[in-house]
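For reference, the chains in residue letters:
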Amino acid sequence: MTSSEFEGKVALVTGAASGIGRASALAFAAAGAKVVVVDLDQEQGNRTVELAGGEDAACFVRADVSDQQDAERMVETALSKFGRLDAAHNNAGIEIAGKAIADLPREDWDKVISVNLSGVFAGMRAQIPAMLESGGGAIVNTASALGTVALPNQAAYVASKHGVVGLTKAAAMEYSAQGIRVNALCPGVIRTPMVEEMAAHDAGFIPLMNQMHPIGRLGTTEEMGAVTLWLCSSAASFVTGQAIHADGGYTTH
Ligand code: NAD
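Residues numbered from 1 in each chain as written. Predicted model: local features only at pLDDT ≥ 70, side-chain atom pairs only at ≥ 80, totals over all residues. Heavy atoms only, no water.

A. Up close: the site of the ligand. Around the ligand, the surrounding shell holds 25 residues, and the nearest of these are Ser 18, Ile 20, Asp 39, Tyr 157 and Ile 190. Residue Ile 190 places a main-chain N or O atom 2.8 Å away from an oxygen atom belonging to the ligand. For the ligand, an oxygen atom lies 3.3 Å from a polar atom in the side chain of Thr 192. Relative to its unbound accessible area of 830 Å², the ligand is 87% covered by the protein chains. Put simply, the parts of the chain that give the shell around the ligand at least two residues each are helix 1 (19-30) and helix 5 (155-175). In terms of residue class, the shell around the ligand is made up of 13 nonpolar, nine polar and three charged. (Near = heavy atom within 4 Å. Polar contact = N/O pair within 3.5 Å; in protein donor to acceptor, adjacent residues only side chain to side chain. Areas by Shrake-Rupley, 256 points an atom, 1.4 Å probe, with all protein chains shown as cover. Helix = DSSP H or I, 4+ residues; strand = E, 2+ residues; numbered from the N terminus. Nonpolar A, V, L, I, M, F, W, Y, C, P; charged D, E, K, R; others polar.)

Structure representation (structure tokens):
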């Protein structure tokens, strides 16, 4: 990948006010793309725009990814502000407190599925026509290592992320021949603010997590940004419909 690979290109990243999404937005910006930063959190979203180089390099759209009209609006903003759409990272996602299925409130299930899975559907539904207009593109959907293996007491999250992997494969089958590659990013445990907070309350958390990743440590948001950028670059031109595990080996056991 050359440093000018994304010059003149436009990328849209959801959940870009924090963690993996912010790192992905900054990776696209550093590679020369204009970036549409999408999130519910306006203050931190604007901070991402600032870090990406300000208003000439990026813009913020406050949108709820689970809302189809909001998804259309984020793509319309990419087109009206920057004229095209080449790459999209559907990354916004939520977790909820762990509960076994019989104790899991139906509303909690609906909420997780609506953001983590329907949010990715809504995003792609809006992005694909714009990418076809721009002559093709690449989409990365954030799933998780839990998109291919399970954990107890996380049924909604596990099901939503398995769904993202299936939806990614379906989209790749439908659109790869038209020039849109679609892949899922499956991170292991990444040191995001949420993980740092857990670590602050439980001294054993990081050592336990380190042990669960054969590489012996947690991942960084920058590592997830780098994989996303690669998946959207010409270096990955024959990669589509894949669940790419960037998980330090978590899914090897
Ligand atoms: P994070 O909480 O740091 O960031 C998520 C961002 O998404 C937040 O800024 C939040 O405001 C935004 N968001 C939440 N709901 C939204 C909605 N409905 N519409 C728009 N924006 C919304 O999380 P993160 O750790 O960076 O996780 C990003 C993605 O990576 C998620 O899909 C998560 O499931 C996945 N993931 C994370 C890890 C990890 O260890 N951190 C591991 C595997 C997968």
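After that view of the structure, there is still more to cover.
B. Region of interest: helix 5. Relative to the 30 Å expected for 21 residues at 1.5 Å per residue, helix 5 spans 30 Å between its end C-alpha atoms, a close match to the ideal helical length. When helix 5 is considered as a whole, its buried residues turn out to be Ala 156, Tyr 157, Val 158, Ser 160, Lys 161, Val 164, Val 165, Thr 168, Ala 171 and Ala 172. On its buried face, helix 5 is in contact with helix 4 (106-133), strand 5 (137-142), strand 6 (180-187) and strand 7 (243-246). (Expected span 1.5 Å × (residues − 1). Buried < 20%, exposed > 50% of the residue type's maximum accessible area, 1.4 Å probe, protein only. Contact = heavy atoms within 4.5 Å.)

C. View of helix 1. Between its first and last C-alpha, helix 1 extends 17 Å over twelve residues, near the 16 Å set by a 1.5 Å rise per residue. In terms of burial, helix 1 is largely enclosed, as ten of its twelve residues are buried. Listed as buried for helix 1 are Gly 19, Ile 20, Gly 21, Arg 22, Ala 23, Ser 24, Ala 25, Ala 27, Phe 28 and Ala 29. Gly 32 lies just past helix 1 and shows a positive phi near 105°.

D. Representation of the pattern of salt bridges in the model. Inspection of every chain in the model, using the stated rule, returns seven salt bridges. Close ionic contact of Glu 196 with Arg 191 constitutes a salt bridge, the shortest N to O distance being 2.9 Å. On the basis of relative accessible area, Glu 196 is assigned to the partly exposed category, the value being 35%. According to the relative accessible area criterion, Arg 191 is partly exposed, its value standing at 37%. A salt bridge links Glu 223 to Arg 217, with the shortest nitrogen-to-oxygen separation between them at 2.7 Å. The class for Glu 223 is partly exposed, based on a relative accessible area of 30%. Note on Arg 217: relative accessible area 35%, which makes it partly exposed. (Salt bridge = Lys/Arg side-chain N within 4 Å of Asp/Glu carboxyl O.)

E. Region of the structure containing the packing of helix 3 (residues 68-82) against helix 4. Packing of helix 3 against helix 4 brings their axes to within 8 Å, and their N-to-C directions diverge by 35°. Classified by chirality, the crossing of helix 4 by helix 3 is right-handed. Side by side, helix 3 and helix 4 meet where Gln 68, Ala 71, Glu 72, Met 74, Val 75 and Leu 79 of the first sit next to Phe 121, Ala 122, Gly 123, Arg 125, Ala 126, Gln 127 and Ala 130 of the second. Among the residues making up the contact of helix 3 with helix 4, the classes are represented as eight nonpolar, three polar and two charged. (Axes fitted to C-alpha atoms, helices over the stretch in contact; angles between N-to-C directions. Left-handed = near helix turned anticlockwise from the far one by under 90°.)

F. Representation of the pairing of strand 6. Summarising burial for strand 6: eight of the eight residues are buried, a large majority. On strand 6, burial covers both faces: Ile 180, Val 182, Ala 184 and Cys 186 on one face and Arg 181, Asn 183, Leu 185 and Pro 187 on the other are all buried. When strand 5 meets strand 6, the two strands line up parallel, connected through six bridges. In the strand pairing of strand 6, Ile 139 is matched with Val 182. Taking the sense of rotation as the criterion, the β-α-β connection linking strand 5, helix 5 and strand 6 turns out right-handed. Two strands pair when backbone bridges link them, and strand 6 and strand 7 are joined in this way by four bridges, in the parallel orientation. Bridge pairing in strand 7 places Ala 184 opposite Ala 243. (Pairing = 2+ DSSP bridges. Right-handed = clockwise from strand over helix to strand, strands pointing away.)

G. Representation of the state of the cysteines. Considering all chains together, one arrives at zero disulfides under this definition. Unpaired in this structure, Cys 186 has its nearest cysteine sulfur neighbour in Cys 232, at a distance of 15 Å. (Disulfide = S-S within 2.5 Å.)

H. Up close: the packing of helix 1 against helix 2 (residues 42-52). At a closest axis distance of 9 Å, the pairing of helix 1 and helix 2 adopts a crossing angle of 25°. Between helix 1 and helix 2, the angle is such that the two are roughly parallel. The hand of the helix 1/helix 2 crossing is right-handed. For the pair helix 1 and helix 2, the contacting residues are Arg 22, Ala 25, Leu 26 and Ala 29 in the first and Gln 44, Arg 47, Thr 48, Leu 51 and Ala 52 in the second. (Parallel < 35°, antiparallel > 145°, perpendicular 65-115°, else oblique.)

I. Main features of the sheet that holds strand 4 (residues 87-90). On the basis of which strands lie adjacent, the open sheet formed by seven strands has the order 3-2-1-4-5-6-7 and parallel pairing. Unpaired on one side and paired on the other, strand 3 (58-62) and strand 7 mark the two borders of the sheet. Across the sheet, the axes of successive neighbouring strands diverge by a mean angle of 20°, strand direction being ignored. Across three bridges, the pairing between strand 1 (residues 10-14) and strand 4 is parallel. Each bridged residue has a counterpart across the sheet, and for Leu 12 the counterpart in strand 4 is Ala 88. Packed on one face of the sheet, helix 2 meets strand 2 (34-39) and strand 3 and runs near 170° to strand 3. Contacting strand 4, strand 5, strand 6 and strand 7, helix 8 (residues 221-232) crosses the sheet at an angle of about 160° to strand 6.

Distances and angles like these do not, on their own, reveal function.
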